[in-house]
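Survey of secondary and tertiary structure
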Amino acid sequence: MSVEMNHYTNEFQTFQQNGAAKSPDWVNDVRTAALSVFTGKGFPTTKQEDWKYTNVTPIARAPFRYSASAPAVPAELVTSLLIGDTEQHLIVFVNGHFSAEHSRLQSLPAGLTVKNLIAAYGSHADLIKAHLSKYAPYDKNPFTALNTAFINDGAFIHAAKGTKSSLPVHLLFISTAAGDAPAASHIRNLIIAEEGAEVRIAHSFASAQDNTNLTNVVTEVSAGRESIVELVKVQRESEKAFHVEHLHVHQEPRSTSRVFSLAVGGAIARNEMSVIIGGETTECNLNGLYITSGEQLIDHHTFMHHIHPECPSHELFKGILMDKSRAVFNGKVYVEPEAQKTDSKQTNRNLLLSDEAVVDTKPELEIFADDVKCTHGAAVGGMNETHSFYLKTRGISEGSARGILTVGFAAEVTQKIDDPVLRRFVDTIVVDHLRRKFGTGNLPEIVHA
Amino acid sequence: MSESIEELVSQEYKYGFTTNIETDTIPPGLNEDVVRLISKKKNEPEWLTEWRLKAFRHWLTLEEPRWPNLTYAKIDYQSISYYSAPKQVKKLDSLDEVDPILLETYEKLGISLTEQKRLSGVAVDAVFDSVSVATTFKETLKEKGIIFCSFSEAVQEHPDLVRKYLGSVVPSSDNYFAALNSAVFSDGSFCYIPKGVRCPMELSTYFRINASNTGQFERTLIVADDGAYVSYLEGCTAPMRDENQLHAAVVEIVAMDNAEVKYSTVQNWYAGDKDGKGGIYNFVTKRGKCAGVNSKISWTQVETGSAITWKYPSVILQGDNSIGEFYSVAVVNNRQDADTGTKMLHIGKNTRSTIVSKGISAGRGNNTYRGLVSIGKNATGSRNYTQCDSMLIGNKCSANTFPYIEVKNSSSSVEHEASTSKIGEDQIFYCKQRGINTENAISMIINGFAKEVFKNLPMEFAVEAQKLLGISLEGSVG
Amino acid sequence: MIEIKNLHANVNGKEILKGINLKVNAGEVHAIMGPNGSGKSTLAQVLSGHPAYQVTQGEVLFEGQDLLDMEPEERAHAGVFLAFQYPVEIPGVSNSYFLKAGLNEIRKSRGQEELDSFQFLKLLKEKMKVVEMDQSFINRPVNEGFSGGEKKRNEILQMAVLEPKLAILDETDSGLDIDALKIVSSGVNKLKSPSNATIVVTHYQRLLNYIVPDFVHVLVHGRIVKSGGKELALELEANGYDFIREEMLQSA
């Protein structure tokens, strides 16, 4: 066994002695099985097709440690990460550990449960057993196996039949330095929307300092019949951090999912988003925006699995690249023979603002049904000349035009966020981030049609 | 139009006959002695024998690629005969000396080797199993300084040119099948267009596999010197046999400053029967290098045959302002598998590439487009446009699209668009309402779908290709 | 105000303008008419400095300055405005932000003080009245989701705010119904003054019923082949462009 695998085997033993004690036996069995998958596979290499453009050696090499408890983070930090002035349902985790101190869960509407997974084992044991690790297979992806081996805490959301929550639930994950060794958090979230429920979720990740943490997340979402789930992920961890998440959405008939991913943080960030369209006439919208600078690498791998007939899926991912950064997009749409009348559209557009930035994009279609309409498109290029000419004829300088058009480029995808509160939340972060990167306050706020 | 459709729907694979001719075939099996024997039979110079052996030794270290989206029985490389030639050892002085049985074979294939019968616009090099049996219009071309002959002849007559360019675009170590070809290649065509010469006629190679249990490993090398132009056509057929036969060819093209090469293929190897029995395994490496400034290489292919197709005609855009093009129609029916596409490697500044790929899947066919567009750091101001459309006929087939796009500078732009859809029911209905039957309607619609590619084929080929498309899809509608 | 001398221009290596000569004085309205593909829009784009067009010969003086030597934004600062035939959409960026950015850069270049948000909004609302535009457009993204007529009206609003010396209207009438055409034209007319000039590029005479030109020029194959007063437009409407071609043939 390699040095790296030895490290994780030792880590697992330490973890078993403290963290793991809080959960049921069956979870422990899953953990042990997942660990052996992980140590068998090891970290992925660029020789594997799924990891061709993303080298995770820096993650494999760093001796990340599991910490049994989390350091304190200041209240001001938490406040600065909230969704504007809006009142919200907030659950906070620090290095993967639930923080009751910072969470605000007093005013949840009837039918909506938001708590940490460890607490939920007591109240929702059967539900958890029925869903946990059912959608995220750990035999394929080593990071999912690693996460599963270390399943401990995370957010648990349950929206009972017909529950409609008007305010978004904010899942806030803060990573912070803990001792000398870089800290790892293996966060496990479970979101269950029962029949006819409607939930909106902000799924956000931030760092307390300029810290080198590993945040390895697996999130499983079960969208029941005719439910609506909107999940907006905001990943703005430190540019030294490593972030990996595998998000699995399983959709029942006539449900609607709206997933958005904003990724601006991390030295290496990998987002895998798989949607299983598990019932007829379900709808899926999967969108995202990544902004990379410095030497960041942000990778999105999406998988849209059409199993049943008559389902539309829409996918738009846009990227803005600066400096020596890199972005990877791999979008697969897979249409099973039974999924007739699938209507699927996927687009990936990348704006290169630097000659040293690199984009690798690979939109894939695998179609086994004939009565379908599937399209995909990908584009990579610099600033659009016609657009910038228009601005210049109005007296706007080259530099300002660049900023304005970059904001416009981003806005085209943030407008896909359905919930106005969440959309504003993302828009503000995007513009603030671009202002910082462009080194000017002189960028417009985003407005939508 | 409707007449030709009627004709085509009533046809089966009409090139499936076998020619009975005495052959010189070496026993199956592959080792260094076989490589030496092939080289000796062809009276090759020492350096070429060594080149083959080096390739063979490298091949032994490689594994057959498993990444393509193809399903086929394991190939037993020791059960194949690597050399088969019609017995006709003495060198021919004129076409009149070609064995009449062979001439007849090519007549049956619609390729007359008798010059007076040929359309004056096309010169043909006919390759029968492992050897070139005839090359037409050599003299006419010679007047312009154009060299067009079999590869074997080029090795004897123009060794310096062959040595300079052989392996310069597809190195013998390039991939599994290219290494195998480099070790055992038998014959093929060689073409050199000197500086400033515009080749006055289409050059064409016609490949025919006849013998059973043999593989065909031809090698084509085309060099267009500064300011030269040539349009090159390739056709292929094989008899209907129950066992699978291996075809692993290599085509190399070099275009120097301001040169242009247009390479068109209509690939109609035997595809196997309805149940997937027999057919050619076609593993081909085709690559062009735009070595000079303002050079252009254009690939046009119509792929209707073969049980298995593995083929990615590519262009290395090295010279500034060079242009690469790839136009492809690939049809799979019955149990055919095709994994085909292109690579456009932008290295020079202001390089341009266009990819138009039309995939048609029917029966239980499995069609995959696989492509790479790579824009290097120094390839500033470069452009690529890719359009990839797939059409599905019936619900037991599949269509896949795997484009890889890698961009490393901000002054370039890449645009990729792809779509997959069913053949238009309302279009079929419209045709039927006008009295056209379903199969003819499909034929018409398919031809319209592939028109962008056909228009890049030389006239004669385009007609042939349209007919072929109909034949390949015959019986695809239940 | 502007003097165009022997202007030649290419796009993608193809010569479109083959020697244009034109002089426009302050207070004048000039109409440039011509069949499709005659080079009308190219002239408009070249004057505002579109990077896709290369000027190969000739010069353009704008108030004595070499216009061709200036960047597009410098031309805007100098007072050249182009109303686009196909205005560009900019998602996410509000109309007001966009216009304020332009106006303030123009003011800055002229040594004028920049307007603050309050002053700008006041100005914008006044100008919106001129083109009869609803105030909801202030915060809508630039041209996104606008109808054809709304886009053209938005172009005229921008013109009203930026107050150019020379306004070039490129096929502003295309795609407009009669009501929108009237509103747009009346906006243009209200903005007319003795100190500014307008070049109206159009295929049809229709627009010229509302924006009455002092001079009409006919552009064919990249050259102005005939000039006259507003009656020339009516003549073209009645006889089509063929009669010009015939005249050209006869005189040749």
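Residues numbered from 1 in each chain as written. Chains lettered and ligands numbered in written order. Predicted model: local features only at pLDDT ≥ 70, side-chain atom pairs only at ≥ 80, totals over all residues. Heavy atoms only, no water.

Secondary structure assignment for chain B yields 12 helices and 23 strands. Residue burial in chain B is summarised as follows: out of 478 residues, 64% are buried. Look at the contacts in chain B between residues 6 or more apart in sequence, and 83% of them connect residues 24 or more apart. Here chain B has roughly 18,000 Å² of accessible surface; of this, 48% comes from carbon and sulfur atoms. (Helix = DSSP H or I, 4+ residues; strand = E, 2+ residues; numbered from the N terminus. Buried < 20%, exposed > 50% of the residue type's maximum accessible area, 1.4 Å probe, protein only. Contact = heavy atoms within 4.5 Å. Areas by Shrake-Rupley, 256 points an atom, 1.4 Å probe, with all protein chains shown as cover.)

With that settled, consider the pairing of strand 19 (residues 352-362) of chain B. Residue and element names in this part refer to chain B. Counted residue by residue, strand 19 has nine buried out of 11 residues, so it is predominantly covered. Taken together, the 10 bridges between strand 17 (residues 323-332) and strand 19 define a ladder with parallel strand orientation. From the neighbouring strand, Glu325 faces strand 19, where its bridge partner is Thr354. Pairing geometry for strand 19 and strand 21 (residues 383-393), over 11 bridges, is parallel. Its bridge partner lying in strand 21, Ala362 is registered against Ile393. (Pairing = 2+ DSSP bridges.)

A cluster of acidic side chains, namely A:Glu295, A:Asp323, A:Asp355 and A:Glu356, defines a negative patch on the protein surface. The class for A:Glu295 is exposed, based on a relative accessible area of 67%. (Patch = residues over 30% accessible without salt bridge, like charges linked within 9 Å, V, L, I, M, F, W, Y side chains within 5 Å. Salt bridge = Lys/Arg side-chain N within 4 Å of Asp/Glu carboxyl O. Lys, Arg positive; Asp, Glu negative; His and termini not counted. Charge placed at Lys NZ, Arg CZ, Asp CG, Glu CD.)

Residue-level pLDDT values for chain C average 88, and 98% of them are 70 or greater. As scored by the predictor, the complex reaches a pTM of 0.86 and an ipTM of 0.85. (pLDDT = per-residue confidence, 0-100.)

Bringing the nonpolar core into the picture now. Ranked by internal contacts, the top residues of the largest apolar core, which has 94 residues, are A:Leu171, B:Ile193 and B:Leu203. In this structure B:Ile193 touches B:Ile146, B:Cys199, B:Leu203, B:Val223, B:Ala224, B:Asp225, B:Ala228, B:Tyr229 and B:Val230, once residues within four positions along its chain are discounted. Core analysis: the next-biggest nonpolar cluster, separate from the first, contains 70 residues, A:Ile320, A:Tyr390, C:Ile20 and C:Val201 among them. (Core = buried A, V, L, I, M, F, W, Y, C linked by side-chain atoms within 4.5 Å.)

Outside of glycine, negative phi angles account for most residues, and trans bonds account for most peptide bonds. All names here are of chain C. The phi dihedral of Glu132 is positive, around 50°, even though this residue is not glycine. Inspection of the secondary structure assignment puts Glu132 in the loop between helix 4 (117-130) and strand 8 (141-142). A positive phi angle, close to 45°, is found at Glu171, a residue other than glycine. As for its placement among the helices and strands, Glu171 is situated in the loop between strand 9 (166-170) and helix 6 (178-191).

The next point concerns helix 9 (residues 398-414) of chain A. Between its terminal C-alpha atoms helix 9 of chain A stretches 24 Å, which fits the 24 Å expected from 17 residues at 1.5 Å a residue. For helix 9 of chain A, the buried fraction is high: 13 of the 17 residues fall into the buried class. (Expected span 1.5 Å × (residues − 1).)

Moving on: the environment of C:Lys5. Residues and elements named next belong to chain C. Mapped onto the secondary structure, Lys5 falls in strand 1 (residues 2-11). With 196 residues separating them along the chain, Lys5 and Val201 place their C-alpha atoms 18 Å apart. Filtering out sequence-adjacent residues up to four positions away, Lys5 remains in contact with Ile20, Asn21, Gly58, Glu59 and Leu61.

Glancing now at the environment of A:Lys437. All names here are of chain A. Mapping Lys437 onto the fold places it in helix 10 (residues 420-438). A relative accessible area of 30% means that Lys437 is categorised as partly exposed. As for Lys437 and Leu286, which are separated by 151 residues in sequence, their C-alpha atoms are 26 Å apart. At 3.1 Å, the side chain of Lys437 forms a polar contact with the side chain of Ser293. (Polar contact = N/O pair within 3.5 Å; in protein donor to acceptor, adjacent residues only side chain to side chain.)

With 34 residues of chain A at the contact, the number on the chain B side is 30 residues. For the chain A and chain B pair, buried surface summed over both sides reaches about 2,600 Å², with 49% attributable to carbon and sulfur atoms. When the buried area of chain A at its contact with chain B is split by residue, A:Asp355, A:Asp370 and A:Val380 rank highest and sum to 22% of it. Applying the counting criterion to the chain A and chain B interface returns zero salt bridges. When grouped by side-chain class, the residues that make up the side of chain A that touches chain B number 15 nonpolar, eight polar and 11 charged. As paired elements, strand 20 (residues 373-381) of chain A and strand 23 (residues 413-422) of chain B share eight bridges and run antiparallel to each other. Across the sheet, A:Gly377 pairs through a bridge with B:Glu417, a residue of strand 23 of chain B. (Buried area = accessible area lost by both parts, 1.4 Å probe. Nonpolar A, V, L, I, M, F, W, Y, C, P; charged D, E, K, R; others polar.)

A few words now on the state of the cysteines. Residues and elements named next belong to chain A. According to the stated counting rule, one finds zero disulfides over all chains in the structure shown. In this structure Cys311 is a free cysteine whose sulfur lies 9.8 Å from that of Cys284, the closest cysteine sulfur available. Residue Cys311 is classed as buried on the basis of its relative accessible area, which comes to 1%. (Disulfide = S-S within 2.5 Å.)

Glancing now at the packing of helix 3 (residues 95-109) of chain C against helix 4 of chain C. Residue and element names in this part refer to chain C. Interhelical geometry of helix 3 versus helix 4 gives an angle of 105° and a closest axis separation of 11 Å. Classified by the angle between their axes, helix 3 and helix 4 sit roughly perpendicular to one another. In this structure, helix 3 uses Ser96, Leu99, Lys100 and Leu103 to contact helix 4, whose residues at the interface are Ser117, Phe120, Leu123 and Leu124. Split by residue class, the contact of helix 3 with helix 4 holds five nonpolar, two polar and one charged. (Axes fitted to C-alpha atoms, helices over the stretch in contact; angles between N-to-C directions. Parallel < 35°, antiparallel > 145°, perpendicular 65-115°, else oblique.)

A word on the sheet that holds strand 1 of chain C. Residue and element names in this part refer to chain C. Across the sheet, four strands lie side by side as 2-1-4-5; this open sheet has antiparallel pairing. The two strands at the open ends of the sheet, each matched to only one other strand, are strand 2 (14-24) and strand 5 (65-66). As paired strands, strand 1 and strand 4 (residues 53-62) are joined by eight bridges and run antiparallel to one another. By the bridge assignment for strand 4, Ala9 is matched with Val55. The sheet strands contacting helix 1 (residues 40-48) are strand 1, strand 2 and strand 4, and the helix crosses strand 1 at an angle near 105°.

Here the focus is the interface of chain C and chain A. The interface is formed by 37 residues belonging to chain C together with 29 residues belonging to chain A. Both sides together, the interface formed by chain C and chain A hides about 2,500 Å², and carbon and sulfur atoms give 66% of it. When residues of chain C are sorted by the area they lose upon contact with chain A, C:Glu73, C:Val88 and C:Tyr97 head the list and together hold 22% of the total. Residue A:Arg394 pairs with C:Glu155 through a salt bridge whose shortest N-O separation is 2.6 Å. Among the elements of the structure, helix 1, helix 2 (72-78), strand 6 (80-83), strand 7 (90-94), helix 3, strand 8 and helix 5 (148-162) of chain C are those that each provide at least two residues to the side of chain C that touches chain A.

All names here are of chain A. The interhelical angle for the contact between helix 9 and helix 10, taken along N-to-C directions, is 155°, at an axis separation of 11 Å. With respect to their mutual orientation, helix 9 and helix 10 come out roughly antiparallel. In this structure, helix 9 meets helix 10 at a crossing whose hand is right-handed. Between helix 9 and helix 10, the residues in contact are Arg402, Gly403, Thr406, Val407, Ala410 and Thr414 and Arg423, Val426, Asp427, Val430, Leu434 and Phe438, respectively. (Left-handed = near helix turned anticlockwise from the far one by under 90°.)

We now examine the pairing of strand 8 (residues 219-224) of chain B. Residue and element names in this part refer to chain B. Most of strand 8 sits inside the fold, with six of its six residues counted as buried. The side-chain alternation of strand 8 yields two buried faces, one formed by Arg219, Leu221 and Val223 and the other by Thr220, Ile222 and Ala224. The sheet contact formed by strand 6 (residues 189-193) and strand 8 spans four bridges and is parallel. Across the sheet, residue Phe190 finds its bridge partner in strand 8, namely Leu221. The pairing of strand 8 with strand 11 (residues 250-255) spans six bridges and is parallel. Looking across to strand 11, one finds that Leu221 is bridged to Glu252.

Under the counting rule described, the total for this entry stands at 41 aromatic pairs over all chains. Measuring from centroid to centroid gives 5.0 Å for C:Phe137 and C:Phe146, while their planes differ by 90°, and the two rings are edge-to-face. The burial state of C:Phe137 is the same as that of C:Phe146; both residues are buried. Taking NZ or CZ as reference, A:Lys318 lies 3.9 Å from the ring centre of A:Phe409, over its face. (Phe/Tyr/Trp six-rings, centres within 6.5 Å; stacked < 30°, edge-to-face > 60°. Lys NZ or Arg CZ within 6 Å of the ring centre and 35° of its normal.)

Once that is clear, we can look at the pattern of salt bridges. Residue and element names in this part refer to chain C. Counted under the stated rule, the structure contains 42 salt bridges over all chains. Where Lys5 meets Glu59, a salt bridge forms, and the shortest distance between an N and an O atom there is 3.4 Å. With Lys5 in strand 1 and Glu59 in strand 4, the pair connects residues that are 54 residues apart, well separated along the chain. The exposure class of Lys5 is partly exposed, given its relative accessible area of 29%.

Ranking by contact count across two pairs of chains in contact places chains A and B at the top. Across the gap from chain B to chain C, with no contact made, the nearest C-alpha atoms are 14 Å apart.

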